[in-house]
Amino acid sequence: MNCFAMFGQLMLFEMLLTSINVYRTQACVEFNRGRYSDSLELYKRALQVYPYCPGAVRLGIGLCRYKLGQFEKARQAFQRVLQLDSENAEALVALAIMDLQANEAAGIQKGMDKMRRAFEIYPYCAMALNYLANHFFFTGQHFLVEQLTETALAVTNHGPTKSHSYYNLARSYHSKGDYEKAGFYYMASIKEINKPHEFVFPYYGLGQVKLRSGDFRSALSNFEKVLEVYPDNCETLKALGHIYVQLGQVEKAQEFMRKATKIDPRDAQAFLDLGELLISYDTGAALDAFKTARNLMEKGGQAVPVEVLNNIGVLHFEREELELALESFNKALGDGVWLALTGNMPKSYVIEASDSILDYKDMQLFHRLEEDGLSVELPWNKVTVVFNLARLHEQLHNTGTANILYRLILFKYPDYIDAYLRLAAIAKARNNLQLSIELVNEALKVNDKCPNALSMLGDLELKNDDWVKAKETFRSASDATNGRDSYAILSLGNWNYFAAIRNEKRNPKLEATHLEKAKELYTRVLVQHTENLYAANGAGVVLAEKGQFDVSKDIFTQVQEGASGSVFVQMPDVWINLAHIFFAQGNFALAVKMYQNCLRKFYYNTDSQILLYLARTHYEAEQWQECKKTLLRAIHLAPSNYTLRFDAGVAMQKFSTSTLQKEKRTADEVRSTVAQLENAVRIFSQLSAASNLHLHGFDEKKINTHVEYCKHLLEAAKVHCEAAEREEQQNKQKQEAARQLALAEEARRKAEEQRKYLLERRKQEDEQKRLQQAEEHFKRVQEQWKSSTPASKRRERSEIDDEEGGHSEKRRRKGGKRRKKDKNKSHSERDDEEPDMVDDREELEDEDANMNYRESTTHMDDQDDDNGENAQDLLAAAGLEDSDAEDEAVASSSAAGRRRRAWSESDDDETLQRGPESSPVRENSAELHLSDGEIREDNSKLNGDAALDDDDEE
């Protein structure tokens, strides 16, 4: 039984081992397929089948966990493997890799210790060999790198592992500068992998090697594969930007550079690369990029390179921001001898050094600086900055400071040709052609084939009227560059143009030949450099000489626009040429404007030749006075130029002639003509008396003719002047008489307006006073009505009847007559009074009913008056008279009559003023009917008393 049991156990164990191996095999297959989750499940099943399985199962579990990103569980699995087998090299390598990826100093040290231990346990572990080779690469031990990688390649056939080995070997040769071997091993590394996502580093290395060898297409292909795996890798983006620049695809290059700066806005190098790329296309964007890089370096505590500050200064200089450029250059230079030479130290040597440019060979000043304790040192990386600083001072017209800085460069670096050429340019600007030629020859001693020096020498010889030498020099400059130097070709074109328009006797055939040759040379330059403004300007000049003004004007306009955008390109010639075109087309206004702009922009209004062009334009436009003023300005600048004096005399003569030919001219114009003719006679007489008249190209007989003609005009002008003065005196007398008449008429008009104003004001015051009195009177009447009662009023009427006795009938008749008289009052007055009285009656109706009754009775009386004679007589005749009612009616009628008579008398004046206009409007109550006459009285009682007195007299 024991034997059978043992046999059964052995069979079971073998079955378990077989199952475990099956699971392991399947798990390895799934792992290699990249199905890490399935592989992990198979390893787990194997562990469940036999918990005491070998460490390889747990190693597989750890690798699956690692691939799935479960790093802690992977670490536990690897540590469990080491617990089961302390000398398991694979587990040590895995843990070492995880320690190295921590990117910490302690972790890296632990990882390298485990790698060494794995290497000691098993020296042929390819992975351990590759990681050790990687470590020794960064320590610079390339011999060990090569040995370890060669061993790894010998002991493994695993593609990815061999790819790592080849990559390490290629990287080692790459760092040593052996680009051929490096490229070979990078290619070998790439061949061992299926796609870039598995291992992309060899593609990056191969791209660098191809870029170094100039194979931009292959480099572009490799870097694009890197970008597929890492689309936000700044180094790859910058490399692609450089490649596209070399391929001429500037827009794509800018796109990649800008993307790199957006991904990592703290990468100063990315901004520097972007600035270098934009410096030739967009100076503003390039300046911003350089400034950003400078700020990032300063914030990071890094020293800003001199080159960066120099580039910032140059860009400011190009944008004409000269103060900012000076600040950048000074910051780039720091402390040094240049501070004493530019006047930034208490003891300055600028004045002493700039006394004369003739002392450019005198270096005693710098020896004196050394004796004063100043170190005359100029580091090689600051020579360009000093040269740019001198160029800036030259632009600021500080030629003394620029001169000494150029001499400082020559003192330390005698072979610096550009310093000689700039000194020659300063001498040329001072019209010292001999000194300028001498300085250019000094530059040619350093390099006799320098195209810039040869071209400048040819230009100086041309200005010195040495045509043969100039042509030979220009040809030498062209030959020195095998015909590729555009400036030399352009100079030859200029030579041919000037040869065609020389002041000597012009041969039409020879002139046409030279012009055609000049056009050919200008065209050749434009074919090589399509943006060459000087060649385009030359082509426009040739076309203008041939009479093609419209085409040449378009060319000059484009050249002007291109030249206006850069401080380095000063082209006053294109402004002058454009003005010449306007002049030739008869557009004198635009020609004048263009000449004036050129004179102000480039010559600070101090160029006599352009003033002569401007005067000629005014002359052709028949603007004689402007022509004379312009010529006088030119004479002030060039007093020895007899041509300007002659032209000024001709302008005065022409102005006088045109004035005398006018049909109507003032005395001032004639007097000005006399003065101009006297000046013209004086100028022509001075030119006639000059001893060197023929040297200036003048004919004495012609000048004498001008003198005689001006004298003749002067005699005629005096006669015209006397006539004009008489006419002017008569016109003044007429104007004075007209002025006096106008003053009198104005005074009369003002007096009439004042009178009307006073009358109107008086009327307004009277009207205001009348209204005020009426309002006061109405208030008094209203107060009296409020204080009285109906009974008292009845008693009043009884007493009045007793006193009057039998005279009541007489009074009624008289009152009737009064009412008839009142009818003749102006109805327009009643129209004015009626609305006011109606309003007053409405206010009083609520106060006293009896008062309303009396108002209605009075209104009926008024109606009876309008219809005929006294209604009371008719009632009496009919036998319908009521004694009481009659008494009351009589009393009321009497009282109303008295008031009406008093009011009518007071209204007589106003009735006469208003006229006979009437209105059919009926009268209101006698007691409430107010008129303008009432305003002139004190109160109603006085009117009533007056009426009673009249009745008594009758």
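If you're wondering where the values come from, they're calculated on a predicted model, not measured in any experiment.

**Looking at the overall build of the chain**
Consideration 1: Regarding its fold elements, the chain presents 47 helices and zero strands.
Consideration 2: For the chain, with 954 residues in total, the buried portion stands at 43%.
Consideration 3: Counting only contacts in the chain whose residues sit at least 6 apart along the sequence, the fraction spanning at least 24 positions is 58%.
Consideration 4: If you sum the accessible surface of the chain, you get close to 53400 Å²; carbon and sulfur atoms cover 49% of it.

**Some words on the environment of G205**
Consideration 1: On the secondary structure map, G205 appears in helix α11 (residues 201–213).
Consideration 2: You can call G205 buried: its relative accessible area is 4%.
Consideration 3: Spatially, the C-alpha atoms of G205 and A170 are 8.3 Å apart, while their sequence positions differ by 35 residues.
Consideration 4: Excluding anything up to four places from it in sequence, G205 contacts H174 and Y186.

**Looking at the UniProt feature "repeat: TPR" (unreviewed entry) in the chain**
Consideration 1: In the numbering used here, UniProt assigns the feature "repeat: TPR" (unreviewed entry) to residues 20–53, 55–88, 200–233 and 234–267.
Consideration 2: Counting secondary structure, residues 55–88 comes out at 79% helix and 0% strand; the distance between its end C-alpha atoms is 8 Å.
Consideration 3: End C-alpha atoms of residues 200–233 are separated by 12 Å, and the span's content is 79% helix alongside 0% strand.

**Here we look at the nonpolar core**
The nonpolar side chains of a soluble globular protein tend to be buried, and buried together.
Consideration 1: Among the nonpolar cores identified, the biggest contains 87 residues, and L341, F366, L405, Y406 and V440 are the most heavily contacted of them.
Consideration 2: Per-element accounting of this core gives the leading share, nine residues, to helix α24 (residues 417–429).
Consideration 3: In this structure, Y406 is in contact with F387, A390, R391, E394, A419, R422, L423 and I426, ignoring residues within four places of it in sequence.
Consideration 4: V574, I576, A591 and L614 belong to the second-largest nonpolar core, a separate cluster that totals 73 residues.

**Considering the confidence of the model for the chain**
Consideration 1: Predicted confidence across the chain gives a mean pLDDT of 78, with 76% of residues reaching 70 or more.
Consideration 2: The model gives residues 350–355 a pLDDT under 50, and that stretch makes 13 contacts with residues more than four places away or in other chains.
Consideration 3: Every residue in residues 799–954 is under pLDDT 50, and counting partners more than four places away or in other chains gives 181 contacts.

**Remarks on helix α17 (residues 306–318)**
Consideration 1: With 13 residues, α17 should reach 18 Å at 1.5 Å per residue; the first-to-last C-alpha distance of 18 Å fits that figure.
Consideration 2: With ten of 13 residues buried, α17 lies mostly within the body of the structure.
Consideration 3: Taken together, the buried positions of α17 are V306, V308, L309, N310, N311, I312, G313, L315, H316 and F317.
Consideration 4: Packing partners of the buried residues in α17 comprise α15 (268–278), α16 (283–299), α18 (322–333) and α22 (383–395).
Consideration 5: One or two steps after α17, the chain reaches E320, where phi turns positive at roughly 65 degrees.

**Remarks on the pattern of salt bridges**
Consideration 1: Applying the stated criterion across every chain yields a total of 22 salt bridges.
Consideration 2: Between E235 and K238 there is a salt bridge whose closest N-O contact spans 3.3 Å. Within this pair, E235 and its partner K238 are both found in helix α13 (residues 234–246), separated by three residues, close to a single helical turn.
Consideration 3: Relative accessible area serves as the criterion here: at 5%, K238 is assigned to the buried category.
Consideration 4: Salt-bridge contacts for R748 lead to E745; the nearest nitrogen and oxygen are separated by 2.7 Å. Here E745 and R748 lie together in helix α38 (residues 700–787), a separation of three residues that amounts to about one turn.
Consideration 5: On the basis of relative accessibility, which here comes to 49%, the residue R748 falls in the partly exposed class.

**Details of a nonpolar patch on the surface**
Consideration 1: A surface patch of nonpolar side chains, amounting to about 290 Å² of accessible area, comprises Y122, Y124 and V155.
Consideration 2: Considering the arrangement of structural elements, one finds V155 in helix α8 (residues 142–155).

**Section: the environment of E725**
Consideration 1: On the secondary structure map, E725 appears in helix α38.
Consideration 2: Remark: the alpha-carbon pair of E725 and D668, spanning 57 residues in sequence, is separated by 8.7 Å.
Consideration 3: Those residues in contact with E725 that lie beyond four places of it in its chain are A667 and R671.

**A look at the packing of aromatic side chains**
Consideration 1: Following the criterion strictly, the structure yields 21 aromatic pairs and no others.
Consideration 2: Between Y167 and F199, the ring centres sit 5.3 Å apart and the planes meet at 85 degrees, which makes this aromatic pair edge-to-face. With Y167 in helix α9 (residues 159–175) and F199 in the loop between α10 (179–191) and α11, this residue pair connects regions lying 32 residues apart in the sequence.
Consideration 3: Its relative accessible area of 13% is what places Y167 among the buried residues.
Consideration 4: By the ring-pair criterion, three or more aromatic residues cluster together here, those being Y166, Y173, F184 and Y185.
Consideration 5: A cation sits over an aromatic face here: R171 above F137, 4.3 Å from the ring centre.

Thresholds applied
- Residues numbered from 1 in each chain as written.
- Predicted model: local features only at pLDDT ≥ 70, side-chain atom pairs only at ≥ 80, totals over all residues.
- Heavy atoms only, no water.
- Helix = DSSP H or I, 4+ residues; strand = E, 2+ residues; numbered from the N terminus.
- Buried < 20%, exposed > 50% of the residue type's maximum accessible area, 1.4 Å probe, protein only.
- Contact = heavy atoms within 4.5 Å.
- Areas by Shrake-Rupley, 256 points an atom, 1.4 Å probe, with all protein chains shown as cover.
- UniProt positions renumbered as here; feature names shortened; annotations may be inferred.
- Core = buried A, V, L, I, M, F, W, Y, C linked by side-chain atoms within 4.5 Å.
- pLDDT = per-residue confidence, 0-100.
- Expected span 1.5 Å × (residues − 1).
- Salt bridge = Lys/Arg side-chain N within 4 Å of Asp/Glu carboxyl O.
- Patch = residues over 30% accessible without salt bridge, like charges linked within 9 Å, V, L, I, M, F, W, Y side chains within 5 Å.
- Phe/Tyr/Trp six-rings, centres within 6.5 Å; stacked < 30°, edge-to-face > 60°.
- Lys NZ or Arg CZ within 6 Å of the ring centre and 35° of its normal.

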